[in-house]
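As a plain string of letters, each chain reads:
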Amino acid sequence: MNTQVGIVGGGPAGLMLSHLLHLKGIDSVVLESRTREDVEGTIRAGVLEQNTVDLMVDTGLGDRVKREGLTHHGIELRFGGRGHRIDFDELTGGRAVTVYPQHEVLKDLIARRLEDDGDIRFGVSDVQVHGHTTDTPKITYVDADGNEQTLTCALVAGCDGSRTTTRGLIPETTVRTDHFRQYPFAWFGILAEAPPSSEELIYANHPRGFALISTRTPDVQRHYLQVDPDDSVDNWSDDRIWSELHARVDGEGAEIKDGKIFQKSILQFRSFVCEPMQHGNLFLAGDAAHTVPPTGAKGMNLAIADVYFLSEAMSEYFATRSRAGLEGYTDSVLPRVWRTQHFSWWMSSMLHRLPDDTGFGHKRQVAELDMVTRSAAGRTLIAENYVGTPLR
């Protein structure tokens, strides 16, 4: 079978790229190893930047996110037992974020692609890209029925997540440089049946460690505690979790509301960037090219930004046969990637207790948070990065 763009991976990057290409009259095939039920049923948090919401609305994906998403016009940075609000409306001219889980975004994308007769092949295996430096790359795979298939295309998009195989096609050391950082802490996350503890997200710095108070729906809350990377969910009883959340967050203007915990998990902290994000006719997007710590809520938004620019470059190529946009893809997206890496690292460094800290580190963090929240320039820097800088 032939198509114009072969897309490896049916996550946010791959599905949004397929959607954007369709709107430009470009055919694509999406190859996804998981079933549709697995893709739509894997619960993932999601805070959408203004850019992401605007793009969804402008391209016909906005009905549910506008109806069901929770628009937040600020966040609270909490330290020293007090909250300090970052007012997005005041500091960014009315931009905001929307709490809307990633799996709901995927449901919207899948539904729209199928409505538009899009070609998504779920449950495939043994996906291999061949000849990506030629004019006719091929992707071989085994379909859900166990049949070997070959897809011939002009361009290949590697959107297959952090466990990517497509990244490995870019020769390491001679072409590709990988930048990696492992952080000395992790997040213990829970989902709980409980009323909201706050109207907006709370990021708490405490001598015992970081805490994040988030929300999923009016009846389901998502909270996180900083833990050691080697910790285990088995070490945390429900009583211990709630006790620790109260200790790290409760105080002037805040009190955690307990409930029934129905999911526990530990999330590791890593930063990664691959340079360049392309080789021949292969182009990486999303977690296949970079991952960020979750502190700044940037992962999915960065993936959406990648494919926005990639779709423009691919559209130019198919319309004019000019490769200028394709050749400039990495240069067009990497500055945003590194700005996002810095923001996520900066937020993490201000809010998390570092191992073996004797007290100096925490006092320095509190001083930095105090300096940032006292300053209009500091609050604006956080607000502008949190809601997302415009794509153009």
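The structure presented is a predicted model; accordingly, all values stated were derived computationally and were not measured. (Residues numbered from 1 in each chain as written. Predicted model: local features only at pLDDT ≥ 70, side-chain atom pairs only at ≥ 80, totals over all residues. Heavy atoms only, no water.)

Turning to the sheet that holds strand β20 (residues 290-291), a few remarks are in order. The strand order β6-β5-β14-β15-β16-β13-β17-β20 describes an open sheet built from eight strands, whose pairing is mixed. Only two strands of the sheet have a single neighbouring strand rather than two, namely β6 (82-87) and β20. With two bridges joining them, strand β17 (residues 260-275) and β20 adopt antiparallel strand pairing. When the bridges of β20 are listed, V273 appears paired with H290. Of the strands in this sheet, β5 (74-79), β13 (177-193), β14 (202-204), β15 (211-213), β16 (220-227) and β17 touch helix α7 (residues 238-249), which is tilted by about 80 degrees from β16. Lying over the sheet, helix α11 (residues 360-374) contacts β5 and β6, oriented at roughly 145 degrees with respect to β5. (Pairing = 2+ DSSP bridges. Helix = DSSP H or I, 4+ residues; strand = E, 2+ residues; numbered from the N terminus. Contact = heavy atoms within 4.5 Å. Axes fitted to C-alpha atoms, helices over the stretch in contact; angles between N-to-C directions.)

Let us look at the packing of helix α1 (residues 12-23) against helix α6 (residues 102-115). Two numbers describe how α1 lies on α6: the axes approach to 10 Å, and their chain directions differ by 35 degrees. Relative to α6, the crossing made by α1 is left-handed. Contacts from P12, L15, M16, S18, H19 and H22 in α1 reach Q102, L106, L109, I110, R112 and R113 in α6. When the residues that make up the contact of α1 with α6 are grouped by side-chain class, the tally is six nonpolar, four polar and two charged. (Left-handed = near helix turned anticlockwise from the far one by under 90°. Nonpolar A, V, L, I, M, F, W, Y, C, P; charged D, E, K, R; others polar.)

Regarding helix α3 (residues 50-58), the residues found buried are Q50, N51, T52, V53, L55 and M56. G60 sits one or two residues past α3 and shows a positive phi near 85 degrees. (Buried < 20%, exposed > 50% of the residue type's maximum accessible area, 1.4 Å probe, protein only.)

So, about the pattern of salt bridges. The full count for this structure, using the stated rule, is 24 salt bridges. Between R364 and E368 there is a salt bridge whose closest N-O contact spans 2.8 Å. Here R364 and its partner E368 are both found in helix α11, four residues apart, which amounts to about one turn of the helix. Since its relative accessible area comes to 36%, R364 is described here as partly exposed. What makes E368 buried here is its relative accessible area of 16%. Connected through salt bridges with shared partners, the residues R64, R67, E68, E104, K107 and D108 form a single ionic network. (Salt bridge = Lys/Arg side-chain N within 4 Å of Asp/Glu carboxyl O.)

This brings us to the UniProt feature "domain: FAD-binding" (unreviewed entry) in the protein chain. Those residues carrying the UniProt feature "domain: FAD-binding" (unreviewed entry) are residues 3-343 in this numbering. In residues 3-343, helix accounts for 31% and strand for 31%; the two terminal C-alpha atoms are 38 Å from one another. (UniProt positions renumbered as here; feature names shortened; annotations may be inferred.)

Per the domain assignment, the segments making up the protein chain are domain 1 (2-46 + 101-176 + 276-348) and domain 2 (183-269 + 355-387). One C-alpha centre belongs to domain 1, the other to domain 2, and the line joining them spans 32 Å. In this assembly, 15 residues from domain 1 lie in contact with 16 residues from domain 2. At the boundary of domain 1 with domain 2, total buried surface from both sides reaches about 1400 Å², with 70% on carbon and sulfur atoms. It is P294, F343 and W346 in domain 1 that bury the most area against domain 2; as a group they hold 35% of the surface buried on that side. The tally of links from domain 1 across to domain 2 stands at zero salt bridges. At the surface where domain 1 touches domain 2, the tally comes to four residue pairs in polar contact (both at pLDDT 80 or more). (Domains from an automatic or database assignment. Buried area = accessible area lost by both parts, 1.4 Å probe. Polar contact = N/O pair within 3.5 Å; in protein donor to acceptor, adjacent residues only side chain to side chain.)

Turning our eyes to something else, we now look at the packing of α11 against helix α12 (residues 376-387). At a minimum axis separation of 4 Å, α11 and α12 run at an interaxial angle of 95 degrees. For the element pair α11 / α12, the angle class is roughly perpendicular. Facing V372, T373 and R374 of α11, the residues of α12 in contact are A376, G378, R379 and I382. The class makeup of the residues in the contact of α11 with α12 is three nonpolar, two polar and two charged. (Parallel < 35°, antiparallel > 145°, perpendicular 65-115°, else oblique.)

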